[in-house]
Each structure stands twice: as C-alpha cells, then as structure tokens.
Amino acid sequence: MTSAPIEIRSAPHVQSAKTVETIMRNVVYSLLPICAFYVFQYGISALASIAVVTGACLLTERFFVRTGTQAGRLSDYSAVITGLLLALTLPPGFPLWMGAVAGIVAIALGKALFGGIGFNVFNPALIGRAFVQAAFPTAIATYTPSFLPGRFTEFIPSTLAWPLMIPADATAWLKAKNLDALAGATPLAKWKFDGVLVNADELLTSLSGNMAVGPSPLLILLCGAYLASRRYMDWRIPLAVLGSAALTAWLLFAFDPARYPNPFFMLFSGGLILGAVYMATDMATSPVTPKGMWVYGALIGLLTVVIRYYSGLPEGVMYAILIANAASPLIEKITQPVPFGRGVLDRVKKRATYPLNPGYISREEASAVTPKKRFLPNKPKK
Amino acid sequence: MNTAQYKTWDEFTEGIWRQNPVFVMVLGMCPVLAVSVSAVNALSMGLATMFVLVCSCGLVSLLRRMVPKEVRIAVYIVIIATFVTAVDYAIQAISLALYDALGAFIQLIVVNCIILGRAEAHASKNPPLPAMLNAAGMGIGFAVGLFALGAVREILGAGTLFGITLFGASFQPWVIMVLPPGGFFVLGAWLLFFAWLERRKLRRAAPTTEAGQHV
Amino acid sequence: MSDQPSSDKKVIPIAVAAGEAAVPESPTGAMIRTLGLVSAICGLIIVGAYQGTYDAVAANKRIATERAVFKVLPKAKSIEEFVAQAGGGIARVGAGDTAIAAGAVKFFAAYDDAGKLAGIAAEGVGKGYADNVRIMFGYQPDCQCVVGIGVVAMRETPGIGDKIITDREFLANFTALDVKLKADLSALANEVKVVKRGSKTDPWQIDAIAGATITSRAVGKAINDSAQALLPRLVPKLDTLATKS
C-alpha cells in the first residue's frame, strides 16, 4: 500500500554547527579576561586559587567519566567553566585545600551525582560554593583588599594553609601593610554590619585600590555582551535578573532612602553581575522557554535583594540562583508556549490539554515502522 | 523447630551485616541523622535503642502465646514504651549533658520502626532466646551504623573522636558536618560505599559461580 | 513456629464472616486479662526504674545548676533557689517545687564559704540566629553590675555564633557590665546595649563580635530583659538574702 510520506521524528529538525563543545569553549574564552583581571587585582594567590580549583574540578570530572558513572567528556570544557566560576566566587586568599574541596564537591555532588553534563539540576559551581560556605563560614567571609603592593611576589598568608588546618589570620598581615581590619570586608558586609556605603562608580570598575571586591562588573558585562552577541548565551536571563534586582532595590530605596542603599550599589556590589551573566544562564539549570527565562531571572533578582536586606547573610546571589534552579522545571512547565493554531487568549478546553510529555508517542506500537521516504526536502545531513 | 537451633547464630549476625538496619534496610533514619553529631552521642543512642530492642523483644517473646491477635500492637507499644521510659531515666541518671544532647530522640525510640518491626516479625513467633539474640544483632547493627556516621561527622566536624583531639589545635572544623546537611552527606557517602562493595562482590562472584563454586 | 501461620488462615475468614464477637480464640475477657497483666508488668518496671534513678537524677540536676552558677560567680560555694514574685516579694523554692507562678522570675542566690552572699545568678533568653540563646549571668550587688555570663543552651552556628563563649574580647564585656537601677528602683538607669565592635564608650554597652552580631545582640537582649524584670524586685529585698538561711 502507499503510505503517506510522513516522517515522525522528534526535535530538533534543524541543526547548526553549534555544539555543546563550541559553546563551552567560547564561554571559557570569555571568562579568560575576567580571570586575568582577577589575577591583576590579587596577584599570585588568585592565580593559585584559580589553578587549584579548576584542577580539582577537572580531576574529579575525569574520575567520574572514567568510572563510567557520568555522561560527557572531559574535553567539553564544562568542568573548566565550573572551576573558573567557582574560583571567581571564592575569596582570593581562600586556602587552597578548601578550594580543592569546593572543586571536588562541585563536580561530584553538583554534577556527577545527577549523571553528568546536561543532567544537573543545580549550578555545579554554586553547589561547591554553598558547601564550603556551610563548612568553612569563617574562611569564606575573610576577604583581602585588592591591589596590595607586592601581590605578585607574595602569597596571602591564608592561601597556603596546610590541608585540614585553620588558615593563618590575615589581621596582622594587613596591619603590616598599614591597612585596618575593615579593609578586608566586602562592600556588602561593610554596608550590612557597619553601615558604610561604597560609591557605585568605584564598584563598577573595581579599579580604585584596596577594596575587597571581585572582578570589575563592567568587564563582566562586556564579556557577557560578547557571548550574547554570538548567541552563546540568552540575553533575557541577565537582563531579567538585573532588571528585577534594580527594580526591587529602587522601590525600597524610594520608600526609605535612609534605610536602604541606592539601587546602583545593589547592582554592582557582591557577585550579582557575575551571577546574572555567568551562573544564572547555565543552560542545563535554567528554563528554555523565553517567557520562563524572564520569570526565572526576575525570581533571582528579587530573591537576591530580599536575602541581602532581610537575612543574616550579606550576600544572597548564590542562594537566589540555587532556589531559582530548583524552581526552573516548574517555571518551564507553566510557561509552555501555546501550541500552533490556538490563540493566546483562547482558553484550552478542559479535556483538550496539550500534554507536556506526549504519551501518545510511547503508546504507539513498538512494531510501527518508520517510513523511509522523508517529508522534509531539506533533511539534515547526518 | 530444630532448624531454629543452628540458625540462632545466623539470626544474630543477620542484623549486624546482611540486614543492617541503617545501611541495608535504611530504617530509623530520624535518630540516625539527628543524633550522630558525635561518636559518643551516636554510640549512646545506639546502645539505648539496643537495650530497648533486646528487652522488649524478650518480653514480647515471653508473652507471645497469651497475647490475642487483636490487641498485639497495643501490647507491643506498651512494652516498648516501658523500656524507653526506663532508658530515659537511666540516661538522666548517668549524664544530663548526654540527655540534653540526645533530646527528644530518646523518647522517640518508641516510634522507631526497627523495634516494632522486630517485635512483630520475629519476637512474636520465636522463643525468648533466639528472639533476644536476633534483637541484639539488630541493635548492634543499628549502633554500628550510628557510630559509623557519628565518628565521621565528629572527626571532620570537630577534629576529635570521643572527645580526643586528633589533628592538633589548629584543625579547621568542617562546620557543615555537625549541621543537619552533614548527616545526609555522610549517610549518602556510606550508602554509596556499601553499594560499591556489593557491586564489587557481585562482579567478583560472577566468574566463580560459572566455575561451579558455591556463593 | 509451623502451626502459627496455618491458624492465622483459619481465624481470619471466620472473623470476617461472623464478626469480631464470634472469634473463639480471643474472647474479651482474655484480651482484658492480657492487657491488664502487661500493664501491671510495665508499671512495675517503670516504677522500679524511676525509684532506682531518682536520687542520681536529682543529684545530676543540682550539680548541673550549681556548675552553671559557679561558672558566672567563681567565689560561690553553695546556692539557693528563689523566685521574685510579680507582686514584689521574694520566696524560696524548695527542693520539690517545680511550678512557678506566672510573672515570677527565678534566680539563684550564691553564697561563699562563710555563708555570705557572693552574688545573684539568673537566666535570660534572647533570640539568636538559629534559635533562642539561653544564658546565665552573675549579678554582683556591690557594684550593681554583671560579672560573668555562661551559656545554658544555644544552637548558634558553630565557629561563628558560638564565639560568645570563646571570644576573650567579647567576654571582657562582662567583667563589670553596668546594670544600675534608676533612683526610684523602677527600671534600669541605662538599658544594656550591644554596639559595634570597638565603639563601646559606656559601661552599660557591649562590644559585639564582628561577624556574630546577631548572637551578640541576643546575649545583650537576654541580660537586659532579665535584669529589667528581676532587679527592680530583687534590689529592695537584698538584705533578706545577705546571709545563708
């Protein structure tokens, strides 16, 4: 009999040259200037921290790929991204052995446990950071000021702590450099615990000396703009995160300027820019629907500001992103686009729902033969 | 009945290894996760549970012929609650600090499913001696499981074992290990370890069974 | 062992068919007898355990309280328990009394070797980071100040919040923390306040621990609340406590 030349296949129907590896490699390229700036700020301690954390991530990944418990390959660069991002979120003088613990936990608990690249529910770098934050709360809150003299020849004392041992106290070391202990507090901690506000323009470039800040938000935004322009990253999520954080902070600032800092301080302090551009946009852990991306980003921005204002912690980006990661399957579900042929306002009839996981495909007989002739003239080449 | 006699030893070891309540049956997780902050707490909790287990199984077994089916659960619970109360007093008498550390989990031994499970599944059908031996095995298994968690959490979380400093004064404690998440992480790690052991055993056993050896 | 399951099989269908009353194996009388017997055995065991441990438990409790009081008042050698009643009186608490009237505040009077008052110890509660922080503080009538604190119970983050028992600089706040009363003895002259580390100027202020501000505040609030409630009632009656009764 002549059966209709219809091919039943699942998406994707159109392929491009973009592979996971290309995307990941480009993300790594875009991270390199940020890492270079970070090293420029903090010297060899930052370099050692980046090397050790990334190395720990790669070795753990290799172990789990070798034992066959995890999908993916070592050469897909995803572990490098995890390592670099994790190192950038840790304080520059973070003891190297703790950094290694963070890297191992990030890959083992954040990724391998779920089955490898693409299966993880939470951003692996943030899992690693959350673990060390809970395990070593003192060390992770100990920052050192940037642009110290002699940073390229001398390690920050806490960096070289022996494994399992308490890192050296940086207070005396800072005193020898004629800096008070408060110089080691992040702008957010200073604002939260001491009521000292740093100017937003200083934060934007991170170039003014002796501040305990991460890489310049301006640089991160530029690198993110490169990724977005090459379509390696969706621009909606960072925009939604920053917009929602700015809006929430601005509303509160308008409500009581004496109690709440201005929105620019909120945007440029802490890890909000880095989180918005590089962590919230992790493809495996964020929604795929455009509407969902807006909701997801807005949730992160709102939670960040709420945690910063109303909790005991000075910084809230990490938990905000982790919570939004957990919510993203739900967001994805409720923001499913309306199927073709049905108006936006046209409510779906009660029994005529469009199933998310079309059961009718699996209910087809297993013996059904896929027609050989293809319907699409421009069929993708294998 | 005569099979029961040479099965007695088997019944004793069953709870320690093959049917370990923590690592194999994953029962009674509430106290396991909550009180395994230190080795002492874990071991005391394990011993308290074991005492209740052995005594209540012994009494249930003694009374097994005269307890009507309809009221058996009520009888078991009354018996278990009795011994829990006794243990509660005993721990208060031994050390108030320990009593505070274990908190409500001593009283909650009553609802530990291992104990009711043993009473219902084993003690109510066997004479006192095998019943108590089996219960003792289960209790030891539970205590060992708790201790395995408590020791790891104390070593990493405080750098001590039974209060003895292991790494010197400058040890950096892993705070997360004495917090609730640490309990889950360590339990998960142990379960992973035993799953790996099991798989390795199966892999090794596979060629020998083909060669005709008995597993 | 072998006959048990088979009897099960026989019993259950009958029970379902004829109703519970008609089950021959377990008449109501037997059930009541069994339950009665089990209850009697269990009651005996509990009473035995209670009697056997009563003295040890009471001794333990006393030692624990004494240890907490002696820690904040090192000169003390023995303690007596009192309550400051809502109306203003002070009453001694006997060994058996556990119920405390509403509004009453419990405190301990500590005496030295010679039977003279060595200080007053009381408990206070403040909301910490994780849960309530319960502390015991020692009050010295001579200087009208707090001379020491100890933690009774807390669940603060190890390594951060629990610095309140290890941080020397923080504990130095409590060598002579001023809790003087106003002239009319109605309330504290100056509220106990927790301030940022390094900005303590007055003897009634407490330097917070950097990074553990919330826990430090909990301690300050615990002392303040407890002192506000206790001292106005206690100070007028201090004479009655001067020597051990």
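Just above, that's the structure.
What you are looking at is a predicted structure, and each value in this text was computed from that prediction instead of being measured.

## What to know about the pattern of salt bridges
Residue and element names in this part refer to chain A. Taken as a whole and judged by the stated rule, the model has eleven salt bridges over all chains. Its salt-bridge partner being Arg25, residue Glu21 comes within 3.2 Å of it at the nearest N-O pair. Of this pair, Glu21 and Arg25 are both found in helix α1 (residues 20–42), four residues apart, which corresponds to roughly one turn of the helix. Taking the relative accessible area as the measure of exposure, Glu21 reaches 26% and is therefore partly exposed. Under the relative-accessibility criterion, Arg25 is labelled partly exposed at 26%. For Arg308, the salt bridge identified is with Glu315, shortest N-O distance 2.7 Å. Residue Glu315 is classed as partly exposed on the basis of its relative accessible area of 22%.

## A word on the side chain of Asn20(B)
Residue and element names in this part refer to chain B. Along the chain, the position of Asn20 falls in the loop between α1 (2–18) and α2 (29–35). Judged by relative accessible area, which is 4%, Asn20 ranks as buried. Here the side chain of Asn20 touches Ile16 through a polar contact of 3.0 Å, landing on its backbone oxygen. In this view, Asn20 contacts Glu14, Gly15, Met25 and Gly141; residues no more than four positions away in its chain are not counted.

## Concerning a nonpolar patch on the surface
Together, Leu113(A), Phe114(A), Phe119(A) and Val121(A) line one region of the surface with nonpolar side chains, adding up to about 370 Å² of accessible area. Locating Leu113(A) in the fold gives a position in the loop between α4 (96–110) and α5 (124–135).

## As for the packing of aromatic side chains
Residue and element names in this part refer to chain B. Counted by the stated rule, this structure contains 28 aromatic pairs over all chains. Here Phe147 and Phe162 contribute two aromatic rings whose centre-to-centre distance is 5.7 Å and whose plane-to-plane angle is 20°, an arrangement assigned as stacked. Of this pair, Phe147 sits in helix α7 (residues 128–158) while Phe162 sits in the loop between β1 (160–161) and β2 (164–165), placing them 15 residues apart in sequence. Residue class for Phe162 comes out partly exposed when judged on its relative accessible area of 39%. The interplanar angle of 20° and the centroid separation of 4.9 Å between the aromatic rings of Phe167 and Phe171 together place this pair among those described as stacked.

## As for the interface of chain B and chain C
The parts lose accessible area when they come together, and the size of an interface is often stated as this lost area. Taken together, the contact pairs 28 residues of chain B with 24 residues of chain C. For the interface between chain B and chain C, the tally reads zero salt bridges. Elements supplying a minimum of two residues to the side of chain B that touches chain C: α4 (72–94) and α8 (175–178) of chain B. Take the side of chain B that touches chain C: its biggest share by element is twelve residues, from α4(B). Considering only residue class, the side of chain B that touches chain C consists of 20 nonpolar, five polar and three charged.

## Regarding the sheet that holds strand β3 (residues 105–111) of chain C
Residues and elements named next belong to chain C. If you trace the seven strands from one edge of the open sheet to the other, you get β2-β1-β3-β4-β5-β6-β7, paired in antiparallel fashion. In this open sheet, the two edge strands, each paired with only one partner strand, are β2 (90–92) and β7 (177–178). Taken together, the five bridges between β3 and strand β4 (residues 117–127) define a ladder with antiparallel strand orientation. Looking across to β4, one finds that Tyr111 is bridged to Leu117. Sitting on the sheet, helix α2 (residues 28–72) touches β1 (78–84), β3, β4, β5 (132–140) and β6 (145–153), and the angle it makes with β6 is about 145°. The strands that helix α4 (residues 213–234) touches are β1, β2, β3, β4, β5, β6 and β7; relative to β4, the one it contacts most, it runs at about 130°.

Criteria and thresholds
Residues numbered from 1 in each chain as written. Chains lettered and ligands numbered in written order. Predicted model: local features only at pLDDT ≥ 70, side-chain atom pairs only at ≥ 80, totals over all residues. Heavy atoms only, no water. Salt bridge = Lys/Arg side-chain N within 4 Å of Asp/Glu carboxyl O. Helix = DSSP H or I, 4+ residues; strand = E, 2+ residues; numbered from the N terminus. Buried < 20%, exposed > 50% of the residue type's maximum accessible area, 1.4 Å probe, protein only. Polar contact = N/O pair within 3.5 Å; in protein donor to acceptor, adjacent residues only side chain to side chain. Contact = heavy atoms within 4.5 Å. Patch = residues over 30% accessible without salt bridge, like charges linked within 9 Å, V, L, I, M, F, W, Y side chains within 5 Å. Areas by Shrake-Rupley, 256 points an atom, 1.4 Å probe, with all protein chains shown as cover. Phe/Tyr/Trp six-rings, centres within 6.5 Å; stacked < 30°, edge-to-face > 60°. Nonpolar A, V, L, I, M, F, W, Y, C, P; charged D, E, K, R; others polar. Pairing = 2+ DSSP bridges. Axes fitted to C-alpha atoms, helices over the stretch in contact; angles between N-to-C directions.

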